[in-house]
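Overview (structure and organization)
Chain residues, written in single-letter form:
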Amino acid sequence: MADMFDGIVMAEQRFHGEGYQEGYAEGSHIGIAEGRRYGALHGAKIGSEIGCYLGFALTWHCLLQKCTDEKSSKKIRALESLIGMIQKFPYEDPTYDKLQEDLEKIRGKFKQVCSMLNIQSDFRIGTERSSLTF
């Protein structure tokens with residue numbers, strides 16, 4: 001009789017352990033998939049933001065090339081600094097420990113360049129719906 005009760009108690013523990021293991025494995029699998037989706041989305045947003053900054057900087061650099069005054073020279077140097085920062089950004093290394101720090105520096109330099117060019121850094125054009133912000 002005691003063996004029968006021991007079997008029932010042990011079965012409960014065994015099923016609890018098996019259920020825990022199955023749940024843990026499924027949760028890990030779902031967590032990895034969710035993490036990949038989030039990483040890809042977040043990475044795409046950062047890439048889009050950096051690409052926008054680079055396109056902006058290269059365009060203004062070309063527009064200011066023919067200007068020879070001192071103000072334009074300072075603007076060009078600031079644009080070249082921004083372009084250099086973007087080109088050194090580690091796109092392909094998501095484990096880079098200063099990724100957020102470097103991204104903040106690029107954002108700060110972008111805002112500085114926009115200020116020098118007398119341009120709003122959030123690119124609001126007309127209505128609220130047609131704005132590009134990061």
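Residues numbered from 1 in each chain as written. Predicted model: local features only at pLDDT ≥ 70, side-chain atom pairs only at ≥ 80, totals over all residues. Heavy atoms only, no water.

**Concerning the pattern of salt bridges**
Applying the stated rule across the entire model yields 4 salt bridges. Residue R77 is joined to E70 by a salt bridge in which the shortest nitrogen-to-oxygen separation is 3.8 Å. Taking the relative accessible area as the measure of exposure, R77 reaches 45% and is therefore partly exposed. Members of the salt-bridge network, linked through shared partners, are E49, E104 and R107. (Salt bridge = Lys/Arg side-chain N within 4 Å of Asp/Glu carboxyl O. Buried < 20%, exposed > 50% of the residue type's maximum accessible area, 1.4 Å probe, protein only.)

**Things to note about the packing of aromatic side chains**
Tallied over the entire structure, the rule returns 5 aromatic pairs. Ring centres of F56 and W60 lie 6.5 Å apart, and the angle between their planes is 50°; this geometry places the pair in the tilted category. Linking F56 with W60, this pair stays in helix α1 (residues 2-64), spanning 4 residues, or about one helical turn. F56 gets classed as buried once you look at its relative accessible area, which sits at 10%. By way of ring pairs, the aromatic residues Y53, F56, W60 and F110 are connected into one cluster. (Phe/Tyr/Trp six-rings, centres within 6.5 Å; stacked < 30°, edge-to-face > 60°. Helix = DSSP H or I, 4+ residues; strand = E, 2+ residues; numbered from the N terminus.)

**Considerations on helix α3 (residues 99-116)**
Spanning 18 residues, α3 covers 26 Å between terminal C-alpha atoms, matching the ideal 26 Å at 1.5 Å per step. Listed in full, the buried residues belonging to α3 are L99, D102, L103, I106, K109, F110, V113 and C114. Considered in projection along α3, the buried side chains sweep an arc of 140° and stay on one side of the axis. Seen from the open side of α3, the exposed residues pointing more than 90 degrees away from its buried face are K111 and S115. (Expected span 1.5 Å × (residues − 1). Arc of directions from axis to C-beta.)

**Overview of the side chain of D102**
Positionally, D102 belongs in helix α3. Although D102 is buried, it forms no salt bridge, and the closest oppositely charged side chain is K105 at an N-O distance of 4.4 Å. (Lys, Arg positive; Asp, Glu negative; His and termini not counted.)

**With respect to the UniProt feature "domain: Essential protein Yae1 N-terminal" (unreviewed entry) in the protein**
According to UniProt, the "domain: Essential protein Yae1 N-terminal" (unreviewed entry) feature falls on residues 19-57. Here residues 19-57 is 100% helix and 0% strand, with 56 Å between the C-alpha atoms at its ends. (UniProt positions renumbered as here; feature names shortened; annotations may be inferred.)

**Points about the nonpolar core**
Counting 20 residues, the largest nonpolar core has I50, L82, F89, I106 and V113 as its most contacted members. Those elements that provide at least two residues to this core are α1, α2 (70-88) and α3. In contact with F89, other than residues within four places in its own chain, are I46, I50, L99, D102, L103 and I106. (Core = buried A, V, L, I, M, F, W, Y, C linked by side-chain atoms within 4.5 Å. Contact = heavy atoms within 4.5 Å.)

**A look at the packing of α2 against α3**
Running from amino to carboxyl end, α2 crosses α3 at an angle of 160°, the nearest separation of the two axes being 10 Å. Judged by the inter-axis angle, α2 sits roughly antiparallel to α3. The element α2 and its partner α3 pack so that their crossing is left-handed. Across from K74, K75, A78, L79, S81, L82, M85 and I86 in α2, the residues of α3 making contact are K105, I106, K109, F110, V113 and M116. Here the contact of α2 with α3 is built from residues that sort into 9 nonpolar, 1 polar and 4 charged. (Axes fitted to C-alpha atoms, helices over the stretch in contact; angles between N-to-C directions. Parallel < 35°, antiparallel > 145°, perpendicular 65-115°, else oblique. Left-handed = near helix turned anticlockwise from the far one by under 90°. Nonpolar A, V, L, I, M, F, W, Y, C, P; charged D, E, K, R; others polar.)

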